Amino acid sequence: WNNYIFGEGTGIGGGLAVKKGLPGISDGTYFEFLYEYGIVGFLVFMAFIVKLVKKLKSYPTVLFVEICTIFGVLLAMVGASPFVYPFYMIPFWMCVGRVFNKNYIIYRQKNF
């Protein structure tokens, strides 16, 4: 790991790199983020996650499905790489978008 501050670059340390015999991290997305994006990118991602969790705590009953989906993926990132698979990535980012969409929250509060 040569560049601690800004990382080695997106996609350079994933499972495909390990398969080709290069140094990388096949499981554990948090460590992969740290390796690929460096300390700066990792802190930006963590700041985004903290803001997301604060927003989720504001509307726990309205965003229950989104909470389950987001925390499921964040928990899976400890020992796996869920962002590699579209089956996990698409619902995760869709739920993140819903959390930050004020109109969606207002709609859910009025109708459910």
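Residues numbered from 1 in each chain as written. Predicted model: local features only at pLDDT ≥ 70, side-chain atom pairs only at ≥ 80, totals over all residues. Heavy atoms only, no water.

Asks: What should I look at first to understand the overall build of the protein chain in this one?
Replies: The helix and strand inventory of the protein chain stands at five helices and zero strands. The order of α-helices and β-strands along the protein chain, N terminus first, is α-α-α-α-α. Along the first, second and third principal axes, the C-alpha atoms of the protein chain reach 55 × 25 × 20 Å. By the burial criterion, 29% of the 112 residues in the protein chain qualify as buried. Here the analysis covers contacts within the protein chain between residues at least 6 apart in sequence; of these, 57% occur between residues at least 24 apart. (Helix = DSSP H or I, 4+ residues; strand = E, 2+ residues; numbered from the N terminus. Buried < 20%, exposed > 50% of the residue type's maximum accessible area, 1.4 Å probe, protein only. Contact = heavy atoms within 4.5 Å.)

Asks: Looking at this model, I keep getting lost on the confidence of the model for the protein chain. Mind explaining?
Replies: In regions of low pLDDT, the predicted coordinates are not meant to be interpreted in detail. On average, the protein chain scores 84 in pLDDT, and the residues at 70 or more come to 92%. When mean pLDDT is compared element by element in the protein chain, helix 5 (residues 102-111) scores highest at 92, while helix 1 (residues 15-19) scores lowest at 70. (pLDDT = per-residue confidence, 0-100.)

Asks: Could you clarify how one ought to interpret the side chain of Glu66 in this entry?
Replies: Mapped onto the secondary structure, Glu66 falls in helix 3 (residues 64-76). The residues contacting Glu66, other than those within four sequence positions of it, are Cys95, Arg98, Val99 and Tyr104.

Asks: Quick question: what am I supposed to make of the packing of aromatic side chains here?
Replies: Remark: the centre distance and the inter-plane angle together describe each pair of aromatic rings, the angle taken between the planes. On inspection of all chains with the given rule, the structure shows four aromatic pairs. Each ring, one from Phe87 and one from Tyr88, has its centre 5.4 Å from the other, and the planes form 75°; the classification is edge-to-face. On the accessibility criterion, Phe87 (66% relative accessible area) is exposed. For Tyr88, a relative accessible area of 41% gives the class partly exposed. Ring pairs connect the aromatic residues Phe48, Phe92, Trp93 and Phe100, which therefore count as one cluster. (Phe/Tyr/Trp six-rings, centres within 6.5 Å; stacked < 30°, edge-to-face > 60°.)

Asks: I'm lost on the packing of helix 2 (residues 29-58) against helix 3 in this one. Help?
Replies: Geometrically, a packed helix pair is captured by the angle between its two axes and the distance between the axes. Running from amino to carboxyl end, helix 2 crosses helix 3 at an angle of 155°, the nearest separation of the two axes being 13 Å. Judged on the interaxial angle alone, helix 3 and helix 2 are roughly antiparallel. Between helix 2 and helix 3 lies a crossing whose hand is left-handed. Taken together, the residues of helix 3 that come into contact with helix 2 (itself represented by Tyr30, Ile49, Leu52, Val53 and Leu56) are Ile67, Ile70, Phe71 and Leu74. Here the residues of the contact of helix 2 with helix 3 are counted per class, giving nine nonpolar, no polar and no charged. (Axes fitted to C-alpha atoms, helices over the stretch in contact; angles between N-to-C directions. Parallel < 35°, antiparallel > 145°, perpendicular 65-115°, else oblique. Left-handed = near helix turned anticlockwise from the far one by under 90°. Nonpolar A, V, L, I, M, F, W, Y, C, P; charged D, E, K, R; others polar.)

Asks: Got a minute to help me understand the nonpolar core in this structure?
Replies: The nonpolar side chains of soluble globular proteins are, as a tendency, buried together. Counting 20 residues, the largest nonpolar core has Leu52, Leu56, Leu63, Ile70, Phe83 and Phe92 as its most contacted members. Listed by contribution, the elements that provide at least two residues to this core are helix 2, helix 3, helix 4 (86-99) and helix 5. Looking at this core element by element, the count peaks at six residues for helix 2. Among residues more than four places away in sequence, those in contact with Leu56 are Leu63, Ile67, Ile70, Phe71 and Val99. (Core = buried A, V, L, I, M, F, W, Y, C linked by side-chain atoms within 4.5 Å.)

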